[in-house]
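So the chains spell out like this:
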Amino acid sequence: MDKAELQLRIGPQGTLVDGFLGPGRAVRVRTEIGRRFADHELHLRDLNFALGCLDALASEADPVRRQALWESAIVHFVKCFSRDIRFVLVAEEIWSDDPEGLKGFRFFRDLRNKHVIHDENSYADCATCVVLPDRRDLPRASVVFSFFAKFEVLDSEHMTRLRALIERTRSWADARKDTLVEELMEELEGQSDEALERLEPFVVPKLGGEVHARRVR
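A brief report on the enclosed structure follows. (Residues numbered from 1 in each chain as written. Predicted model: local features only at pLDDT ≥ 70, side-chain atom pairs only at ≥ 80, totals over all residues. Heavy atoms only, no water.)

Counted under the stated rule, the structure contains seven aromatic pairs. On the numbers, 5.5 Å between centres and 75 degrees between planes, the contact of Phe-77 with Phe-81 is edge-to-face. Phe-81 matches Phe-77 in its accessibility class, with the two residues each being buried. When the centroid spacing of 4.5 Å and the interplanar angle of 50 degrees are considered together, the rings of Phe-81 and Phe-105 count as tilted. One end of the pair, Phe-81, is in the loop between helix 2 (63-78) and helix 3 (91-94); the other, Phe-105, is in helix 4 (residues 99-116), with 24 residues separating them in the sequence. (Phe/Tyr/Trp six-rings, centres within 6.5 Å; stacked < 30°, edge-to-face > 60°. Buried < 20%, exposed > 50% of the residue type's maximum accessible area, 1.4 Å probe, protein only. Helix = DSSP H or I, 4+ residues; strand = E, 2+ residues; numbered from the N terminus.)

Their axes nearest at 11 Å, the elements helix 2 and helix 5 (residues 156-189) cross at an angle of 30 degrees. One element, helix 2, and the other, helix 5, form an angle in the roughly parallel class. In this structure, helix 2 meets helix 5 at a crossing whose hand is left-handed. Taken together, the residues of helix 5 that come into contact with helix 2 (itself represented by Trp-70, Ala-73, Ile-74 and Phe-77) are His-158, Met-159, Leu-162, Leu-165, Ile-166 and Thr-169. (Axes fitted to C-alpha atoms, helices over the stretch in contact; angles between N-to-C directions. Parallel < 35°, antiparallel > 145°, perpendicular 65-115°, else oblique. Left-handed = near helix turned anticlockwise from the far one by under 90°. Contact = heavy atoms within 4.5 Å.)

What follows deals with helix 4. Taking 1.5 Å as the rise per residue, helix 4 with 18 residues should run 26 Å; its terminal C-alpha atoms sit 24 Å apart, in good agreement. Regarding helix 4, the residues found buried are Gly-101, Leu-102, Gly-104, Phe-105, Phe-107, Phe-108, Leu-111, Arg-112, His-115 and Val-116. (Expected span 1.5 Å × (residues − 1).)

That's the geometry; what it means functionally is another story.
Structure follows, in structure tokens:
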């Protein structure tokens, strides 16, 4: 499905639209299909942001910025599968024919859930140690120190694996969004003129935003 350009303008009757089908009135669709379409747009933005983080990471040398970009890429990827107020993506559907891909997704999901966001695993560990002197006339513990160890996954192999997972997810979500357009058009075609007139006018938020349209064939 082709993307299309639309121009929004504010008129006395609400938000008006100028585009490939001529002028019209923008209304908001709050049905389940409408919500799913909006949620897939949000997922695609998260996935594009995650890929942008990986792109920036490839040329970043500072270790702090590298770690921040890496963790942000993981978080924005995995959040698309996290159960919150959105319709979530289902990993078993995206990698239904790819057991290794599904295994890779679960690796990064667990990395995010148990290490990046929460701290309940063995990816990082710290031990408290003391030095016991051989001489008995000295204090029992003359030196106290800590030893920190971390299982490092920020390397080219894991970056390549994460990028492949994100790109496949983005392709799947983009195709699903096209399907939702068709389902939404079919849903609206079944509505009476009176029902369409009662749809809530869309009001552009004061903070502004972007318009991304799909051409309906």
